[in-house]
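What the coordinates show
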Amino acid sequence: MGFLSNLINGISLGSVYAIIALGYTMVYGIAKMLNFAHGDVIMIGAYVCFFAISRWNLNPIIGILLAMVICTILGVIIERLAYKPLRSAPSLAVLITAIGMSYLLQNSALLMWSANTKVFPSIINKSSEVRELFGGSVVITNGTLSLFSGQLTITLTSLITVLVCIIVMLILTWFTGKTKMGKAMRACSEDTGAAQLMGINVNGTISMTFAIGSALAAIAGVLLCASYPALSPTTGSMPGIKAFTAAVFGGIGSIPGAMLGGILLGVIEIFGKAYISTQLSDAIVFAVLIIVLLVKPTGLLGKQIHEKV
Amino acid sequence: MKTMKKSTTANILCYGIIIVFFVVIQAMLSSGSIGTQLKGLLVPVCCYIVMAISLNLTVGVLGELSLGHAGFMSVGAFVGAIVCTCLETVIPLGPARLAIGMIIGALFAGLAGFLIGIPVLRLKGDYLAIVTLAFGEIIKNLALCLYVGLDGNGLHFGFLSSIRALGMEEGARTIVDGPVGLQGITKISTFTSGIVLILITLLIVLNLVNSRSGRAIMALRDNRIAAESVGIPVTKYKLMAFVTSAAIAGAAGCLYAMNYSTVVATKFDFNASILVLVFVVLGGLGNMWGSIIATGLLYVLPEILRQFNSDIQKYRMLIYAIVLILVMLATNNKAIRGFFSKMKDAISRTASGRRKSKGGEQGE
Amino acid sequence: MSNYEWQNRPETKLVDVPSVNKIPERDIDKSPILEARHLGIDFGGLTAVDDFNMAIGRTEIAGLIGPNGAGKTTIFNLITKVYQPTRGTILLDGKDTNNMTTELVNKAGIARTFQNIRLFASLTVEDNVKIGLHNHIKYGMWSGILRLPKYWRAEKIAHERAMELLSIFDMQDYANLQAGSLPYGAQRRLEIVRALATNPSLLLLDEPAAGMNPSETGELMDNIVKVRDTFQIAVMLIEHDMNLVMGICEGICVVNFGKIIAKGTPREIQNSPEVIEAYLGRKKEG
């Protein structure tokens, strides 16, 4: 069952990318900017949780919540300080500022916590105690789930990652569809001017979007390090780029698109590593992206924007 | 209403400034007043200046965001280094070999630009940016899996295997060793060749921009639909800008590679592309002189900060990032912009006022 | 103010052309420069233009009018292949423009201006015109880079031609100004000059008088007729200013909801009940 376990690993990795991609796509939809610093907020979230668990001996759940709180505050501060003043500036200027912010976060982390790779502690109970569920068909031991008498193994980490992603997706869909703030966010991404005229607090809505995105980044950081425990100041960089690619892949500005893009990207990456070549897995991922965009130029679920002539 | 000066005399003046600068630096070099660290930056800064000018052609003049420019540098670096190594016995003269390496590197990079450009330039805005980023990463990945060796029988290429798998004779020379990159390169890059490359690049780019083709390219940037309606073939001119930009980057790559004995492909990754983009934006889109100055200052800045006491040295990258953010905020702040344009108007009014005082004409 | 009493000029006699269209009698010995037959386009479920038939004589000044949203600019976009028609054919000088792109249509002889001005804002006025000359005064990329003699000769000719064209609209003094910084009326005129630089046989003007006061409009009317007379080309314009339309147009086509509701001379159009209804609504009974 190599195929299935690769598939599950792919979905798990893809879930992490999806959660990161959600942050990129929501911010792009509402502020029309690519927040390059997003990948580094992930890294900060992971570090906060790391210190919470290993230095301050807090409960992992508290650690995650703390990471979310700090990342949310960080995200809002970054938005207010660096992006808000440039709202009317050309998009390239905001892009460069975001790049500068990314450098800032990476180098601050480097100064504070050094470049030494830290090992992220395991959050999942990996005891060798054996627990059985559903009358023995599901066996849990060493942090792994065994189904069908050991024919299929799933790590608890992967399972939890996928579950968290599904929960996030459901909450976000409910939020943007049914709540007042969610509707405000959708209105602002359609037309900021009109939204303002309707009495929507655009500044507050944009800040809220960054806040949500950053909170998601914290969750993603923790989940990423749960599966791949090496933590250093540049940990967020490559997943950030890949998630950004996933967001565009699925159609930038589309929330279901970010989910779809993220998961597909994770699956393609793991399959590429497993069946073609480890060294070329990144190239394969990007090649698939290019092919898809050539066939469907606005991404899988993206909207066609027609220019009025 | 804004008047725009014809800048031919200004251009000639600026070529002169570069030559003067070159002479000054040479003098400082021979008198030993430049530290070793700064000396080591002379060739790389020339490479990055050429990269910035070429990226400016795509981003500033054509108006398309490219996030994979370092990929073309990579192609030029590897091809150029292979060519130079192969020609070592045939052409013993360093500068000549370097020139040939740069030309062939540029050709291959231009070809890569052409192959990539055809599908990519159909895409819009952010999608185009992402695809260029993707291609840059693909090129980096492929370069990391490349094995090239030279022996008595000629050149051997391998992919995803190892140097031994190439089956070469004893005493064969490894040129590219997979993830370890270029090996055992004879360094033939010089500051002089860097300055010459800058001058040639400027000549090509500035002459292209101030010509019929340049106008077509800028028309595409300003208003693609209007350009089509006056009969400008869109793909042709987009490709022209993109391929020229890629080829020049390839030449810069070769110069860069021949400056070190080993070069890893990861040097030409997304971060390198972003670095060049920062230089281009800070120097001003479409402004070639701005690219030169911005690159020169910013590339050297971390090194200059290193000269200070070691406390500040630790924080130099942080300072760099903060400076970058502050500069972006400052140059895009409406209040500051208004201040500068008022100053510009005041200066041009006094200048024209002096000229017109004799004629007694009414001002505009 | 215009220096010609447009209201009292003699009316051009229109004659039939085989495909149920009319062009000026003086143009009858040559084929119409443009013929649209059963032209139509659908956007998804919406039919924006349907069964559009029109012929334009070689030196005719034709008008395309109708209420807002009637499909006039869409028709221009169909003729210039910004949209590909779903139905019908367009014959330019007898040639079917079936698979042409916008660029090829321009090379074949149609030039246009836009409802929302589309200038090359960051370039100078002169450069905007020189871009119009792109396909007529040519030299290759390398001639430009290496500054070969061909470059110097061609640029000189281009400069002279551009200044010549600008002087038609009295804009030579603006040559070195940035196009985006011109006043609105000058920008509109520049667009026309740029279109003329492409040496068209048919000039499509989309609301050329928008935003102009009566005196500017009068000048524009003189200039359009001057252009037609000097270059011996056909002009089709979309306009809402009825003084201009009735003043210089020889054949007028009225559209509403994507369909033609009337065609003919200005007098016929002014008296057509369908046109009156489209603009003013139906007269109340009793």
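Quick caveat: nothing in here was measured; it's all calculated off a predicted structure.

Each value, and the rule that gives it
- Residues numbered from 1 in each chain as written.
- Chains lettered and ligands numbered in written order.
- Predicted model: local features only at pLDDT ≥ 70, side-chain atom pairs only at ≥ 80, totals over all residues.
- Helix = DSSP H or I, 4+ residues; strand = E, 2+ residues; numbered from the N terminus.
- Buried ≥ 20, exposed ≤ 12 C-beta atoms within 10 Å, placed from the backbone.
- Axes fitted to C-alpha atoms, helices over the stretch in contact; angles between N-to-C directions.
- Parallel < 35°, antiparallel > 145°, perpendicular 65-115°, else oblique.
- Contact = placed C-beta atoms within 7 Å.
- Nonpolar A, V, L, I, M, F, W, Y, C, P; charged D, E, K, R; others polar.
- Core = buried A, V, L, I, M, F, W, Y, C linked by C-beta atoms within 7 Å.
- Domains from an automatic or database assignment.
- Pairing = 2+ DSSP bridges.

1. Things to note about the overall build of chain B
For chain B, the count of helices and strands is 14 helices and three strands. Considering chain B as a whole, with its 364 residues, one finds that 46% of them fall into the buried category.

2. Topic: the packing of helix α2 (residues 36-62) of chain B against helix α6 (residues 191-209) of chain B
Residue and element names in this part refer to chain B. Where α2 contacts α6, the two axes come as close as 8 Å, and the packing angle between them is 10°. By the angle between their axes, α2 is roughly parallel relative to α6. Of the residues in α6, those touching α2 at L42, V43, C46, C47, I49, V50, I53, S54, L57 and V61 are F191, G194, I195, L197, I198, T201, L202, V205 and V209. Residues of the contact of α2 with α6, tallied by class, amount to 16 nonpolar, three polar and no charged.

3. As for the nonpolar core
Nonpolar side chains in soluble globular proteins generally cluster together in the buried interior. Membership of the largest hydrophobic core comes to 292 residues, with the highest contact counts inside it found for A46 of chain A together with V50, A81, A252 and L255 of chain B. For this core, the leading source of residues is helix α1 (residues 2-31) of chain A, giving 16 residues. When neighbours within four sequence positions are excluded, A46 of chain A is seen to be in contact with F120, G221, V222, L224, C225, L231 and T235 of chain A.

4. Focus on the domain arrangement of chain C
All names here are of chain C. The assigned domain composition of chain C is domain 1 (1-109 + 200-286) and domain 2 (121-199). Distance between the C-alpha centres of domain 1 and domain 2: 28 Å. On the domain 2 side, the residues contacting the eleven residues of domain 1 number eleven residues. Contributions of two or more residues to the side of domain 1 that touches domain 2 are made by α2 (102-108), β9 (202-206) and α7 (214-231). When residues of the side of domain 1 that touches domain 2 are assigned to their parent elements, the largest contribution, three residues, is made by α7. Within the side of domain 1 that touches domain 2, the residues separate by chemical class into six nonpolar, three polar and two charged.

5. Observations concerning unusual backbone geometry
In this structure, S114 of chain A is a non-glycine residue whose phi angle is positive, near 60°. Take S114 of chain A: it is sitting in the loop between α4 (91-113) and β1 (118-119). Residue S114 of chain A is classed as exposed on the basis of its C-beta count, with 11 C-beta atoms lying within 10 Å. With a phi angle near 55°, D93 of chain C is a residue other than glycine that sits in the positive phi range. Relative to the elements of secondary structure, D93 of chain C occurs in the loop between β6 (87-92) and β7 (95-96).

6. Let's talk about the pairing of β6 of chain C
Residue and element names in this part refer to chain C. Sheet topology note: the strand β3 (residues 34-43)/β6 ladder contains five bridges and is antiparallel. In the sheet register, R37 faces β6, and the bridge partner there is T89. Pairing between β6 and β7: two bridges, direction antiparallel. Looking at the pairing, L91 lines up with D96 of β7. If you look at the hairpin formed by β6 and β7, you'll find two residues sitting between the two strands, and D93 has a positive phi there, around 55°.

7. Side note on the pairing of strand β3 (residues 138-141) of chain A
Residue and element names in this part refer to chain A. Bridging between strand β2 (residues 131-133) and β3 involves three bridges; their strand directions are antiparallel. When the sheet's bridge partners are listed, L133 is paired in β3 with V138. The sheet contact formed by β3 and strand β4 (residues 144-147) spans four bridges and is antiparallel. Paired with T141 across the strands is T144, a residue of β4.

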